[in-house]
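A closer look at the structure
Listed below are the residues making up each chain.
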Amino acid sequence: MGFEPLIGAFGEVFSPYNLGLMFLGVTAGLIAGSIPGFTIAMAVVLTLPFTFGLSAVEGLSTMIGVFVGGLSGGLMAGMLTGIPGTPSSVATVFDGFPLVRRGKPGLALGLGVWSSFFGGIISAVVLVMLAPQLARIGLEFGPWDFFALVVFALTITASLSGENLTKGIIAGLLGLLIATIGEDEVNGVARFDFGFDAIEQGFGFLPVLVGLFAFSQLLSDVQDREQARRPLMESSARAVRVEHLAAIKIVAKNAVNLFRSAFIGVFTGILPAAGGSISNILAYDQAKKASKNPEAFGKGSPEGIVAPEASNNATAGGALITMMALGIPGDVVTAVMLGALLIHNVQPSPTFIADNAQLAYGIFVAFFLAHFIMVFMQAFCLRAFLMIVRMPMYFLASVILLYTAIGVFALNNVTYDIWTLFVFGIVGYILKNLGFPLAPIILGVVLGHIAELNLSRAVGTNDDLTLFITRPWSLFFLIVALFSAAFPWYQRNIGKMRWTLFYIPAASLALSVPLIMMGGIVRPGIGVLLIVYALYKLYQHHKAGWALPRKGGDENAAETV
């Protein structure tokens, strides 16, 4: 790609205007992440309409700033109020809040800030090294492979469904249905418009997203009159000073914990739909298991702060890897970023880095820079947080809803988008109260269009449907999709049903087939190793008399967390 795109990216990212946008983005993320109930996804969604008039680099730099700021902002509320600002800061509260109660709020916040910073920088290095390598593989993809990849991504709805798998699948199918409303892009045929000209254009991604996530959440926050009048934090809260130097020294002493947690975060971020809400718990659990003083956890242990904060910021780098290298969202936030790319006429796909080198380098540079800005802005945002959380909830909700409506309207200057926001906000509120997860709907809306487009291209290119199983990459992703969809049942029945003993060996054997079909040396070699591993696992089970494994250790670990 040469140095020209890299030099151009540095020029764009470090322009005074873009730096100002990134400072605003990080600040907004820090404040939004610190307010319980206002998730990072919600903050990024609210940012999206304001990036429409910006260039792709400026828009994505701003959103990355909000993303990084939101991941770090959650620790402020968690430590000072005992209420996690975001799901990704849940484990931070376990030791952060007790340390604050012991009279060390400055040290607790410092540990959180610098663990977030170093975890993010480690993931940024991994992002720069790994994403281009994965992207080279993406150059081999045809429309059959793209479609199979999206089918695999859609199986994420099973992971996003929580305890009720059926409702999660219904929500995902509803998202796909929403994506099909309007004129077919390939053939120009109107679908599900019921004779209304307005619906013929379909529903915009942004109004649907803001309605489902932001408006429905605001309705939930003010549905109770007493809750709406109550501030998030009592006026007795006092300002604190972050102890940066002491925190850096403690983080340096916990280098092993830091790197382990960061890599857990990167790996979790690469897995679609996992995200910081899972990685911070996993990192906390591993830190406690590896600690020389596990009994100190839950009482204000610095190790218990370093681990979750390093992992949740590192998750962002992992999620960006799947977005940039494969063109699929690693979580809800990167799904919104994919929407931003579409708004700027950039098609997310495995060829993204090759086709848009300067934009890709711009994302790399912005992700590094956002962490430095985050550290700088934490002190200022802490004061703002203490003022904002003393306001009544109804006031905050009103202001946010006003700016949301203005942003959505400004996108196309049509009131239809505001009505779309309103309708989907009501729909989201009702579905939420009925126990339906909203994330699968967003996933269906984002991926439905990409799946339909590539299916049309594949069938239009060649009507031989066997190509979906004879092309190695397409077969690979369909097999992964099959086992991914079955994973929730496998997870629920481990130690209960004997068929779970065959799940991992069967998956390994099945995946070895497309890898061997790819030719060369490395990939068939990996395929052979998978076959050997599968046979070894089957031999182990046979030697053990096909006895079911005990789950006691896992349950104890879960209880510990």
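For every chain, the first residue of the written sequence is number 1, and numbering continues from 1 onward in sequence order. A pLDDT threshold of at least 70 governs which residues receive local features in this predicted model, and a stricter bar of 80 or more applies before side-chain atom pairs are shown or counted, although totals over entire chains, interfaces and linings include all residues. Side-chain metrics in this entry use all non-hydrogen atoms of the structure; hydrogen atoms and water are not considered.

This brings us to the overall build of the protein. Each helix and strand in the protein was counted, giving 27 helices and two strands. Put simply, the protein has 561 residues, and 55% of those count as buried. If you sum the accessible surface of the protein, you get close to 24300 Å²; carbon and sulfur atoms cover 66% of it. Here a helix means four or more residues in a row that DSSP labels H or I, a strand means two or more in a row labelled E, and each is numbered from the N terminus. Exposure categories follow from relative accessible area, calculated using a 1.4 Å probe and restricted to protein chains: below 20% of the type maximum is buried, above 50% is exposed, and the middle band is partly exposed. Computed with a 1.4 Å probe, the accessible areas rest on the Shrake-Rupley method; for each residue, only the protein chains presented here act as cover.

The working definition used for a salt bridge is a side-chain nitrogen of Lys or Arg within 4 Å of a carboxyl oxygen of Asp or Glu. Across all of its chains, the model carries two salt bridges by this definition. Here Asp145 and Arg471 are joined by a salt bridge, their closest N and O atoms 2.8 Å apart. Taken together, the residues Asp145 in helix H7 (residues 143-154) and Arg471 in the loop between helix H23 (467-470) and helix H24 (472-493) connect sequence positions 326 residues apart. Residues Glu452 and Arg191 are paired through a salt bridge, measuring 2.3 Å at the closest nitrogen-oxygen approach. Taken together, the residues Glu452 in helix H22 (residues 439-461) and Arg191 in strand S2 (residues 190-191) connect sequence positions 261 residues apart. Accessibility expressed as a relative area gives 22% for Glu452, which makes it partly exposed.

Helix packing for two helices is described by the angle between their axes and how far apart those axes are. Axis definition: a line fitted to C-alpha atoms, over the contacting stretch in the case of helices. Angles run 0 to 180 degrees between N-to-C directions. As a packed pair, helix H3 (residues 40-47) and helix H17 (residues 332-343) sit with axes 9 Å apart at the nearest point and diverge in direction by 10 degrees. With respect to each other, H3 and H17 are oriented roughly parallel. Contacts between H3 and H17 involve Ile40, Ala41, Val44 and Val45 from the former and Val332, Val333 and Val336 from the latter. Gly is placed with the polar residues, together with every amino acid not listed as nonpolar (Ala, Val, Leu, Ile, Met, Phe, Trp, Tyr, Cys and Pro) or charged (Asp, Glu, Lys and Arg). Partitioning the contact of H3 with H17 into residue classes produces seven nonpolar, no polar and no charged. Convention used here: angles under 35 degrees read as roughly parallel, angles over 145 as roughly antiparallel, angles from 65 to 115 as roughly perpendicular, and any remaining angle as oblique. Residue contacts are counted whenever heavy atoms from the two residues lie within 4.5 Å of one another.

Between helix H11 (residues 205-221) and H17, the shortest axis-to-axis distance is 10 Å and the interhelical angle comes to 155 degrees. What the angle tells us is that H11 and H17 run roughly antiparallel. In this structure, H11 meets H17 at a crossing whose hand is left-handed. Contact with H11, carried on its side by Phe205, Leu209 and Phe213, involves Val332, Ala335, Val336 and Gly339 of H17 and no other residues of that element. Considering only residue class, the contact of H11 with H17 consists of six nonpolar, one polar and no charged. For any pair of crossing helices, the crossing counts as left-handed if the nearer helix is rotated counterclockwise from the farther one by less than a right angle, and right-handed if it is rotated clockwise.

Our focus in this paragraph is the packing of aromatic side chains. Aromatic contacts are taken between Phe, Tyr and Trp rings whose centres are within 6.5 Å, Trp giving its six-membered ring; a plane angle under 30 degrees counts as stacked, one over 60 as edge-to-face, and the others as tilted. One pass over the structure, following the stated rule, counts 21 aromatic pairs. A ring pair is formed by Phe94 and Tyr284, whose centres lie 5.2 Å apart and whose planes are at 80 degrees; its orientation type is edge-to-face. Of the two residues, Phe94 sits in helix H5 (residues 90-101) while Tyr284 sits in helix H15 (residues 276-290), which places them 190 residues apart along the sequence. You can call Tyr284 buried: its relative accessible area is 3%. Where Trp473 meets Phe476, the ring centres are 5.4 Å apart and the plane angle is 80 degrees; that geometry is what we call edge-to-face. On the criterion of helical spacing, the pair formed by Trp473 and Phe476 is a turn pair, its members being three residues apart in helix H24. Assessed through its relative accessible area of 17%, Phe476 is described here as buried. Within the aromatic cluster, the residues linked to one another by ring pairs are Trp114, Phe117, Phe118 and Phe372.

We now examine helix H9 (residues 165-180). Its 16 residues give H9 an end-to-end C-alpha distance of 23 Å, which sits within 8% of 22 Å, the value for a rise of 1.5 Å per residue. Gly182 sits one or two residues past H9 and shows a positive phi near 110 degrees. Each residue after the first adds 1.5 Å to the expected span of a helix.

Bringing the environment of Leu369 into the picture now. On the secondary structure map, Leu369 appears in helix H19 (residues 357-388). Non-local contacts of Leu369, meaning those with residues more than four positions away in its chain, are made with Val13, Phe14, Leu19 and Met22.

Before going further, it helps to spend a moment on the environment of Met42. Of note, Met42 is situated in helix H3. A sequence separation of 167 residues divides Met42 from Leu209, and the C-alpha atoms of the two residues are 9.0 Å apart.

Turning next to the nonpolar core. Counting residues in hydrophobic clusters, the biggest one holds 143 residues, and the most contacted among them are Met324, Met337 and Phe352. Examining the composition of this core, we find that 16 residues originate from one element, H19, more than from any other. With residues near it in sequence (within four places) discarded, Met337 still touches Leu60, Met63, Ile64, Phe67, Leu320 and Met323. Nonpolar core, defined: a set of buried Ala, Val, Leu, Ile, Met, Phe, Trp, Tyr and Cys residues in which side-chain atoms within 4.5 Å join the residues together. One finds Ile264, Ala287, Phe297 and Ala307 within the second-largest nonpolar core, a separate group that totals seven residues.

Let us look at unusual backbone geometry. One non-glycine residue, Trp546, lies in positive phi territory at about 55 degrees. With respect to the helices and strands, the residue Trp546 is situated in the loop between helix H26 (522-543) and helix H27 (552-560).

Of note, Thr27 is situated in helix H2 (residues 16-34). According to the relative accessible area criterion, Thr27 is buried, its value standing at 19%.

Surface patches are defined over residues having more than 30% relative accessible area and no salt bridge, joining like charges when they lie within 9 Å and nonpolar side chains (Val, Leu, Ile, Met, Phe, Trp, Tyr) when within 5 Å. Together, Phe50, Met391, Tyr394, Phe395, Val399, Leu402, Tyr403 and Ile406 give the surface a local cluster of nonpolar side chains, amounting to about 770 Å² of exposed area. Structurally, Met391 can be placed in the loop between H19 and helix H20 (393-412). In this structure Met391 comes out as partly exposed when scored by relative accessible area, which is 31%.

Looking now at the confidence of the model for the protein. Each residue carries a pLDDT value, the predictor's own confidence for that position, ranging from 0 to 100. For the protein, per-residue confidence averages 80 on the pLDDT scale, and residues scoring 70 or more make up 87% of the total. pLDDT under 50 marks residues 551-561. Its contacts with residues more than four places away, or in other chains, come to nine contacts.

Another point: the environment of Val45. Tracing the backbone shows Val45 in helix H3. Put simply, Val45 and Val336 are 291 residues apart on the chain and 6.6 Å apart in space, counted from C-alpha to C-alpha. The residues touching Val45, leaving out its near neighbours within four places in the chain, are Leu206, Leu209, Val210 and Val336.

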